[in-house]
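# Architecture and fold: a report
This is what each chain is made of:
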Amino acid sequence: MQNLPSILTPDFGLIFWMSLAFLIILGVLYKFVFPILIKSVEDRKNYIDESLKSAREANEKLANIKVESEKLLKEAREQQAEIIQSAMATRDDIIKKARSEAQVEGAKLISEAKKQIEAEKEIALRDIRGQVAELSLQVAEKVVRRQIENDTEQERFIQRLLDEVVVNK
Amino acid sequence: MKKTKNNIFIYLILSCLLFLAPTQLLANEVKEPIDVKEAILGHMSDAYEWHITTWANHKHISIYLPVIVKHHDGGWVVFSSERFHESADHTYDGFYIDEARQGKVYEKGYEDRPWDISITKDVVQIWINVAIMLLIFIPCARWYKKHRIEDGAPKGFVGMIEVLVMSINDDVIKSSIGEKHYRKYAPYLLTAFFFIFVTNLMGLIPFFPGGANVTGNISITFLFAMMTFIAINLFGNKEYWKEIFWPEVPLAMKCPIPLMPVIELFGIFTKPFALMIRLFANMLGGHAIILSLTCVIFITFQVSAYIGTPLSILSFVMMIFMNCLELLVAFIQAYVFTMLSAVFIGLAHPEHHH
């Protein structure tokens, strides 16, 4: 052993100090350096992964929102069109209905007016007839009164009237 | 841009020559043959002092480190290694450095080594590396404490460390051991990776705060292999032990003579052993090549300055190349050690296969 160079023979003192030094540096690194370093790197990696994931999700959400808003807009437009259409239909309906109602009412009014006119006419006619009868009675009375003054004639006339009445009966 | 590159290259060569000039003078003055093997091994070995440079006239500039040894008849003593140089016979309190026996401390009158836990050059280097690792990682940990997840990823230095840690954690440890069990082993493997990596890099710096050959010392790689061995075998599950002692092979291969179990049992020890040798030999080899190339400069200048100059430039260029390669090797070896440890630990957690 002693013929070998010293670097080829293990030396107790050197091993002793080396073990001590290595244990100290191992202890320090084990306790204070490597755990925090490796943990930080792993945490950062997870953090980046999460961030990417959430960014992707947000993007997806945004895209969804866009699609949804477009859909909503489209629906709204359709609804608007529908509402306008139905409003137009209702308007037309109302107008039509009003027109027909007005016609019916008009017709009714006209027929009633006609009836009244008829009734008025009847009354007027009856009135006129009464007056005509009265007038003709008065005329007849006057005529009769004047002709009665002539006896013969009177006799004859009475006779004829009687005849007429009998015949009429 | 290209012109700047050329300028840098010329500057490098010039500065190289400038550095060589005093060396040449020194070589001419000293004129003693250089023992290459001794020089290389000396640079790579552990020592009780940190030799910084040798001034002219053999004046050494060193940092003297504390020696901590135990007398054979009891009692620990602590003293500076400078004390060895103060007395005439290079002893202090009965202790002396025996150059013939690996330059270790021995006690007078005893043949065996005393208990010796001296703060040697490698130990100082190890503690410097620990300090560097703390300086790297504590600010990182503080950054994570101060910031919340929403603040985002760190930038700059902390970001670089995070990328390095997470790539080792995810690509090496998690994929080798498996999603289920890796958390328990990750701190050890990460610490081992960064310790080996920092130590390898510091070993490449040729002057004071670095330069000690730590991972190229078998004691260190032995300890790493030992820890991996414990990590593999202490927490191996039932399936793992069954595969060793009763592997799924034809009965003849395991029943009368337990051939396969013996081989498998042997494998338990060869795996960490391979780890130990691989890291040790790779780092040692790199250091040895760089030191050898440095020695080329001194040897050739001893022969003649005319031969020395071109060869020195060549070896200088080679040294730059080797240093770049060693930078790569420093990472690769730390990576390979971590990966193989993780693979072996993963093998100790086999899933039930039907």
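Notes on the structure in this doc start here.

The rules behind the values
Residues numbered from 1 in each chain as written. Chains lettered and ligands numbered in written order. Predicted model: local features only at pLDDT ≥ 70, side-chain atom pairs only at ≥ 80, totals over all residues. Heavy atoms only, no water. Patch = residues over 30% accessible without salt bridge, like charges linked within 9 Å, V, L, I, M, F, W, Y side chains within 5 Å. Areas by Shrake-Rupley, 256 points an atom, 1.4 Å probe, with all protein chains shown as cover. Salt bridge = Lys/Arg side-chain N within 4 Å of Asp/Glu carboxyl O. Helix = DSSP H or I, 4+ residues; strand = E, 2+ residues; numbered from the N terminus. Axes fitted to C-alpha atoms, helices over the stretch in contact; angles between N-to-C directions. Parallel < 35°, antiparallel > 145°, perpendicular 65-115°, else oblique. Left-handed = near helix turned anticlockwise from the far one by under 90°. Nonpolar A, V, L, I, M, F, W, Y, C, P; charged D, E, K, R; others polar. Contact = heavy atoms within 4.5 Å. Buried area = accessible area lost by both parts, 1.4 Å probe. Polar contact = N/O pair within 3.5 Å; in protein donor to acceptor, adjacent residues only side chain to side chain.

## A short note on a nonpolar patch on the surface
Among the surface-exposed residues, B:Val303, B:Ile307, B:Leu311, B:Leu314, B:Met318, B:Phe321, B:Leu325, B:Leu328, B:Phe331 and B:Ile332 lie close enough to one another that they form a single nonpolar patch of about 870 Å² accessible area. Broken down by element, the nonpolar patch gets its largest block of residues, nine residues, from helix α10 (residues 305–347) of chain B.

## Here we look at the environment of B:Val296
Turning to its location among the elements, B:Val296 is positioned in helix α9 (residues 259–303). Sequence separation between B:Val296 and B:Ser312 is 16 residues; the distance between their C-alpha atoms is 7.0 Å.

## Quick word on the packing of helix α6 (residues 182–204) of chain B against α10(B)
Residue and element names in this part refer to chain B. Relative orientation of the contacting elements α6 and α10 amounts to 160°, with a least axis distance of 9 Å. Of the possible angle classes, the one that applies to α6 and α10 is roughly antiparallel. Both α6 and α10 take part in a crossing whose hand is right-handed. Counted by class, the contact of α6 with α10 contains 17 nonpolar, five polar and one charged residues.

## Topic: the interface of chain A and chain B
On the side of chain B, 59 residues touch chain A, which itself brings 39 residues to the contact. Between chain A and chain B, a total of about 4,300 Å² is buried, with carbon and sulfur atoms accounting for 77% of that surface. If you sort the residues of chain A by the area they bury against chain B, A:Ile7, A:Leu14 and A:Trp17 come out on top, with a joint share of 17%. There are four salt bridges connecting chain A and chain B. Residue A:Glu42 pairs with B:Arg183 through a salt bridge whose shortest N-O separation is 3.5 Å. Counting across the interface, chain A meets chain B through nine residue pairs in polar contact (both at pLDDT 80 or more). A per-class count over the side of chain A that touches chain B returns 29 nonpolar, six polar and four charged.

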